[in-house]
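Spelled out from the first residue to the last, the chains are:
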Amino acid sequence: MSRRLGVLLVPVSGLSGTRYPVGTQVAIRGTGGSVDGFVDGDWLPLAWWEFADTQPEDAPRT
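Description of the structure in this document. (Residues numbered from 1 in each chain as written. Predicted model: local features only at pLDDT ≥ 70, side-chain atom pairs only at ≥ 80, totals over all residues. Heavy atoms only, no water.)

**Looking at the overall build of the chain**
Next, step 1: Helix and strand content of the chain: 0 helices and 7 strands.
Next, step 2: Listed N to C, the secondary structure of the chain is β-β-β-β-β-β-β in terms of helices and strands.
Next, step 3: Here the chain, with 62 residues, has 35% of them falling under the buried criterion.
Next, step 4: Partitioning the intrachain contacts of the chain with sequence separation of at least 6 by distance along the chain shows that 45% fall at a separation of at least 24.
Next, step 5: When the accessible area of the chain is evaluated, it comes to approximately 4,000 Å², of which 56% is carbon and sulfur surface. (Helix = DSSP H or I, 4+ residues; strand = E, 2+ residues; numbered from the N terminus. Buried < 20%, exposed > 50% of the residue type's maximum accessible area, 1.4 Å probe, protein only. Contact = heavy atoms within 4.5 Å. Areas by Shrake-Rupley, 256 points an atom, 1.4 Å probe, with all protein chains shown as cover.)

Have a look at this one:
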């Protein structure tokens, strides 16, 4: 399955207990009503309404 990028639309807690704020960039894997999101290796079980897909050119530049 391909991995794509997205941003959180609502605050979401990861498996580690860390709460990620709106706008956090996540790596997304899967499709459908729920997908797997990852932030620095922390797993975030995401529902379709909790994130938006982004294009690579939309990603913040560092």
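Now that the structure has been shown, the text picks up again.
**Observations regarding the nonpolar core**
Next, step 1: Of all hydrophobic cores here, the largest spans 10 residues; its members are Leu-8, Val-12, Tyr-20, Val-26, Ile-28, Val-35, Val-39, Leu-44, Leu-46 and Phe-51.
Next, step 2: Apart from residues no more than four positions distant in its own chain, Phe-51 is found in contact with Arg-4, Val-7, Leu-8, Leu-9, Ile-28, Val-35 and Leu-46. (Core = buried A, V, L, I, M, F, W, Y, C linked by side-chain atoms within 4.5 Å.)

**Some thoughts on the pattern of salt bridges**
Next, step 1: Across all of its chains, the model carries 1 salt bridge by this definition.
Next, step 2: As a salt-bridge pair, Asp-53 and Arg-4 come within 2.6 Å of each other at their nearest N and O atoms. Here the residue Asp-53 occupies a position in strand 7 (residues 51–54), and Arg-4 occupies one in strand 1 (residues 3–8), the gap between them amounting to 49 residues. (Salt bridge = Lys/Arg side-chain N within 4 Å of Asp/Glu carboxyl O.)

**Focus on the pairing of strand 6 (residues 42–47)**
Next, step 1: With 6 bridges joining them, strand 5 (residues 34–39) and strand 6 adopt antiparallel strand pairing. Across the sheet, the residue bridging to Ser-34 is Ala-47, located in strand 6.
Next, step 2: In this antiparallel pair of consecutive strands, strand 5 and strand 6, the connection spans 2 residues, and Asp-40 shows a positive phi of 50°. (Pairing = 2+ DSSP bridges.)

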